[in-house]
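Structural characterization, general
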Amino acid sequence: MTGPNPDDLREVAIDALHPTQLNLGMDEVKRRAQQMAGLSKSALRALLVKKAVPYVIGPKKRLYMTDHHHLCRALLLAGHDTVLVGKPRDGADWSDLDLPTFWHRMESQGLCWPIDVDGNRRPCIKIPGHISELTDNPWRTLARGVRGDAYSNLDTPFQEFMWGNYYRSFMTTRLLQSDIELAEKLAVKLSRLDEAQDLPGYLGPK
């Protein structure tokens, strides 16, 4: 997916964007918020242009973001309440659908992630209605920390969640809390196993 045309961008309130996932990596949110706090007004604007939030139009004309949840949460933490959006992702206007049909289409096209921190699938209706209500997922944080070394970064929605869920099947939360460096080293090794070959960005064995 190519970036939006700057001429198509418009400013919207973060409150107007509906999440499409249950959680996020709060360590990354805090890191981004700290970075934003040091940006000038023009630099922040340039960042928001580059990171315009992709979305689809759902029932009742609500906007459902399909990426950049961490950006939006970080902006709120840094004291900002708006982002930029372009046109709907792939022109998707599904406002004529009822809510169950809408979520079924979102799942079938890989545009939502209704998987909780323990790897359990939840009903899409349980996805919070506001970005501030998303809870922490340390496995997603782990996956983001090893991206590049463990797997290549692709334009695949929820790629880090997929890898995080994979790592969760081999490690314990206690390891993440006690020795993140060891967890990252292990994650890189796990990423090269044949078991990971169907995940987006798989690099193959060394």
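Everything that follows concerns the structure shown earlier in this document.
The structure reproduced in this document is the subject of the present report. (Residues numbered from 1 in each chain as written. Predicted model: local features only at pLDDT ≥ 70, side-chain atom pairs only at ≥ 80, totals over all residues. Heavy atoms only, no water.)

**A few points about the sheet that holds strand 4 (residues 55-57)**
Note the cut-off: Whether two strands pair comes down to DSSP finding at least two bridges between them. Secondary structure elements are defined from DSSP: runs of H or I of at least 4 residues count as helices, runs of E of at least 2 residues count as strands, and each element is numbered from the N terminus.
In spatial order, the strands read 2-5-4; together these 3 strands make up an open sheet with mixed pairing. Both outer strands of the open sheet, strand 2 (17-18) and strand 4, are each paired with one neighbouring strand and no more. Examined bridge by bridge, strand 4 and strand 5 (residues 63-65) share 3 bridges and lie antiparallel to one another. Residue pairing for strand 5: I57 is matched across the bridge by L63.

**What to know about the state of the cysteines**
Applicable threshold: Pairs of cysteine sulfur atoms within 2.5 Å are identified as disulfides in what follows. Burial status follows relative accessibility: with a 1.4 Å probe on protein chains alone, a residue under 20% of its type maximum counts as buried, one over 50% as exposed, and anything between as partly exposed.
Taken as a whole and assessed by the stated rule, the structure comprises 0 disulfides. Lacking any disulfide linkage, C112 is separated from the closest cysteine sulfur, that of C124, by 3.9 Å. Residue classification places C112 among the buried residues on the basis of a relative accessible area of 6%.

**A closer look at the pattern of salt bridges**
Spelled out, the test is: We define a salt bridge as a contact between a side-chain nitrogen of Lys or Arg and a carboxyl oxygen of Asp or Glu at a distance within 4 Å.
Summed over the entire model, instances satisfying the criterion amount to 8 salt bridges. With its nearest N and O atoms 2.6 Å apart, the salt bridge here joins R147 to E160. You can see R147 sitting in the loop between helix 5 (138-146) and helix 6 (159-168) and its partner E160 sitting in helix 6, a full 13 residues away along the chain. Given the relative accessible area of 26%, R147 is considered partly exposed. Salt bridges here are not isolated pairs; linked through shared partners, they connect E28, R31, R32, R140, R144, R147 and E160.

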